[in-house]
Amino acid sequence: MVMSKLSVSSVVLKIPKLWFTPFYKSLKKQTGECISFLRGVVEHHKATFDSNDIRDIIDVHLQDNDDECGTEEKLPRSLIWRGIFDLFAAGTDTTSNAILWGILLLTQYPNVQEKAQQEIDDLIGRERPPSLPDRLRLPYVAATLMEIQRFRPVGCFVPPRAASVDTELRGYTILKGTPVWVNLYAVLHSPKHWKDPEEFIPERFLSADGKRTETPEAFIPFGLGSRICIGEQLARMELFLFMTNLLQRFTFKIPKEDPKPNLAGELGITLSPGRFRICAVNR
Ligand code: HEM
C-alpha cells in the first residue's frame, strides 16, 4: 500500500508538512506499524542471541556490533531495524510485483507460456520441483523472465540520487547536489537499444542457436554502477523459483468474463500491474 501510493518523486519529500494531511497520515501509520514489527523482531533476536547459532542477517549484525556505535561498515545495534526495514522495503514489493507481472503477461502471451511450460516439461518433468541448478538448463524460461523485466520493469525510476560533482552531460550542466532520477523504463524501451521495444519477445535474449541467454548492455532492470540493486541475485533466484514452480503446475488465464487487463500498470515507488483476477488451471 505505502509503495503503491508513494512515488520516488512524491511531493511529500519536498513538503514534509503534508505528512499531517489525512492521506499521508494513514501512510505514516502503516509505515509505523512496519517499524514496530521490525523493532520487535530485532528485540526478540537480542533476547535469544546465541553466538554459536547464527540464524539470519539480524544475528550477523548483532554478532558484529556489541555496542551502540556504528562505523562506515557496521550498523549500531540501535539501527539494525533500519537496515532490515530497507531490505524489506526494497525487496518485497519489487519481487512480488515482478512475479505478478510475470503471471499477467503470460496470460496475454499464451504461446510464450506454453513454450516455457514445454521446456520445463522436457527438461525437468512434472514430478520433481525445479531448483536453482536448473537455471542454465532452461534458456527459454530464463529469456522469458528477462523479457518480463524489460517489458514492465518494476523499478521504473531508480531512487533519487544526487550529482556528487558538477557534471556536464550532453550540453546540460548538472550542479553538484542536484537530485537526479534515472528513468530505467526509457532505457528498457528505447528503440535505440531494442528492436520493436513495445513487443513482448523473449527470443531477443536468446543466442542464435537458442541454447543460452545473452544479456544486451541496455538490459539494466536492477540499475547500474556502484548503487546497483544489492538484492539482484536474490531477486533473480526468487523469480526463477516462483515462476518455474508455478508454470510446472498451472496454466494462467484471465477469467472469461473479465475484461482484457490494462497492461500500462500503476506507478508508485514501483510499477505494479494493479489488481486483476486470475484462473490458475491445474495442468
Ligand atoms: C525484481 C526485484 C527487484 C528489482 C527490479 C530491483 C530494482 C532495483 C533498482 C532499479 C535499484 C536502484 C539501483 C540504482 O540506483 O542504480 C535498486 C536498489 C536497491 N535494491 Fe533492489 N530490486 C529488486 C529486488 C531487491 C531485493 C530482493 C532486495 C533486498 C533483499 C533489494 C534491495 C535493494 C537495495 C537495498 C537497494 C539500494 C541500493 C543502494 O542504494 O545502494 N532489491 N533495486
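Cut-offs and rules
Residues numbered from 1 in each chain as written. Predicted model: local features only at pLDDT ≥ 70, side-chain atom pairs only at ≥ 80, totals over all residues. Heavy atoms only, no water. Helix = DSSP H or I, 4+ residues; strand = E, 2+ residues; numbered from the N terminus. Buried < 20%, exposed > 50% of the residue type's maximum accessible area, 1.4 Å probe, protein only. Lys, Arg positive; Asp, Glu negative; His and termini not counted. Charge placed at Lys NZ, Arg CZ, Asp CG, Glu CD. Phe/Tyr/Trp six-rings, centres within 6.5 Å; stacked < 30°, edge-to-face > 60°. Lys NZ or Arg CZ within 6 Å of the ring centre and 35° of its normal. Axes fitted to C-alpha atoms, helices over the stretch in contact; angles between N-to-C directions. Parallel < 35°, antiparallel > 145°, perpendicular 65-115°, else oblique. Left-handed = near helix turned anticlockwise from the far one by under 90°. Contact = heavy atoms within 4.5 Å. Donors = N, O, S within 2.8 Å, 3.2 Å for Na, K, Ca; no water. Near = heavy atom within 4 Å. Polar contact = N/O pair within 3.5 Å; in protein donor to acceptor, adjacent residues only side chain to side chain. Salt bridge = Lys/Arg side-chain N within 4 Å of Asp/Glu carboxyl O.

The next subject is the overall build of the protein chain. When helices and strands are tallied, the protein chain shows 8 helices and 8 strands. Each principal axis of the C-alpha distribution contributes one length, and for the protein chain these read about 55 × 55 × 40 Å. Counting only residues that meet the buried cut, the protein chain has 36% of its 283 residues in that class. Within the protein chain, one finds 36 positive and 35 negative side-chain charges whose respective centroids are separated by 6 Å.

Let's shift gears to the packing of aromatic side chains. Remark: the centre distance and the inter-plane angle together describe each pair of aromatic rings, the angle taken between the planes. The tally for this structure, following the rule as stated, stands at 9 aromatic pairs. Relative to Phe200, the ring of Phe151 lies with its centre 5.4 Å away and its plane at 80°, an arrangement referred to as edge-to-face. Within this pair, whereas Phe151 is found in helix 6 (residues 139–151), its partner Phe200 is found in the loop between helix 7 (184–188) and helix 8 (232–249), the two being separated by 49 residues in sequence. Ring pairs connect the aromatic residues Trp19, Phe23 and Tyr24, which therefore count as one cluster. Directly above the ring of Trp194 sits Arg150, whose terminal nitrogen or CZ lies 5.4 Å from the centroid. Lying across the ring of Phe151, Arg152 places its NZ or CZ 4.4 Å from the centre.

Before going further, it helps to spend a moment on the packing of helix 6 against helix 8. Angle between the axes and distance between the axes are the two parameters that describe a pair of packed helices. At a minimum axis separation of 11 Å, helix 6 and helix 8 run at an interaxial angle of 115°. Between helix 6 and helix 8, the angle is such that the two are roughly perpendicular. For the pair helix 6 and helix 8, the crossing hand works out as right-handed. Along its contact with helix 6, which presents Val141, Leu145 and Gln149, the element helix 8 presents Leu239, Phe240, Met243 and Thr244.

What follows deals with the coordination of the iron atom of the ligand. The expected angle between donors at a tetrahedral four-coordinate metal is 109.5 degrees. At an octahedral six-coordinate metal it is 90 or 180 degrees. Among protein atoms, the single one acting as a donor to the iron atom of the ligand is Cys229 (SG), 2.3 Å away. One can find Cys229 in the loop between helix 7 and helix 8.

Around the ligand there are 22 residues in total, and Gly91, Arg161, Leu224, Arg227 and Cys229 lie nearest to it. In this structure, a nitrogen atom belonging to the ligand sits 3.4 Å away from a main-chain N or O atom of Ala90. Arg227 places a side-chain nitrogen or oxygen 2.6 Å from an oxygen atom of the ligand. When residues of the shell around the ligand are traced back to their parent elements, those giving at least two are helix 4 (80–108) and helix 8. Ranked by residues supplied to the shell around the ligand, first place goes to helix 4 with 6 residues.

Across all of its chains, the model carries 16 salt bridges by this definition. Notably, a salt bridge pairs Arg277 with Glu257, separated by 3.2 Å at the nearest N-O pair. Note that Arg277 is positioned in the loop between strand 7 (271–272) and strand 8 (279–282) and Glu257 in the loop between strand 5 (250–253) and strand 6 (266–267), a separation of 20 residues in sequence. Of the residues examined, Arg277 reaches a relative accessible area of 48% and is grouped as partly exposed. With a relative accessible area of 60%, Glu257 lands in the exposed category. Note that Arg277 and Asp258 form a salt bridge whose closest N and O atoms lie 3.0 Å from each other. Of this pair, Arg277 sits in the loop between strand 7 and strand 8 while Asp258 sits in the loop between strand 5 and strand 6; the two residues are 19 residues apart in sequence, bridging distant segments of the chain. By relative accessible area, Asp258 is classed as partly exposed at 21%. Where salt bridges share partners, they join Asp121, Arg126 and Arg283 into one cluster.

Attention now moves to the environment of Pro261. Mapped onto the elements of the fold, Pro261 is located in the loop between strand 5 and strand 6. Note on Pro261: relative accessible area 16%, which makes it buried. Separated by 156 residues in the primary sequence, Pro261 and Leu105 have C-alpha atoms spaced 9.6 Å apart. For Pro261, the residues in contact, after removing those within four places along its chain, are Leu104, Gln108 and Ile254.

A separate point is unusual backbone geometry. The backbone of Arg170 sits at a positive phi, close to 45°, despite the residue not being glycine. By the element assignment, Arg170 lies in the loop between strand 2 (167–169) and strand 3 (172–174). Of note in the backbone geometry, Asp196 takes a positive phi value of approximately 45° without being a glycine. Positionally, Asp196 belongs in the loop between helix 7 and helix 8.

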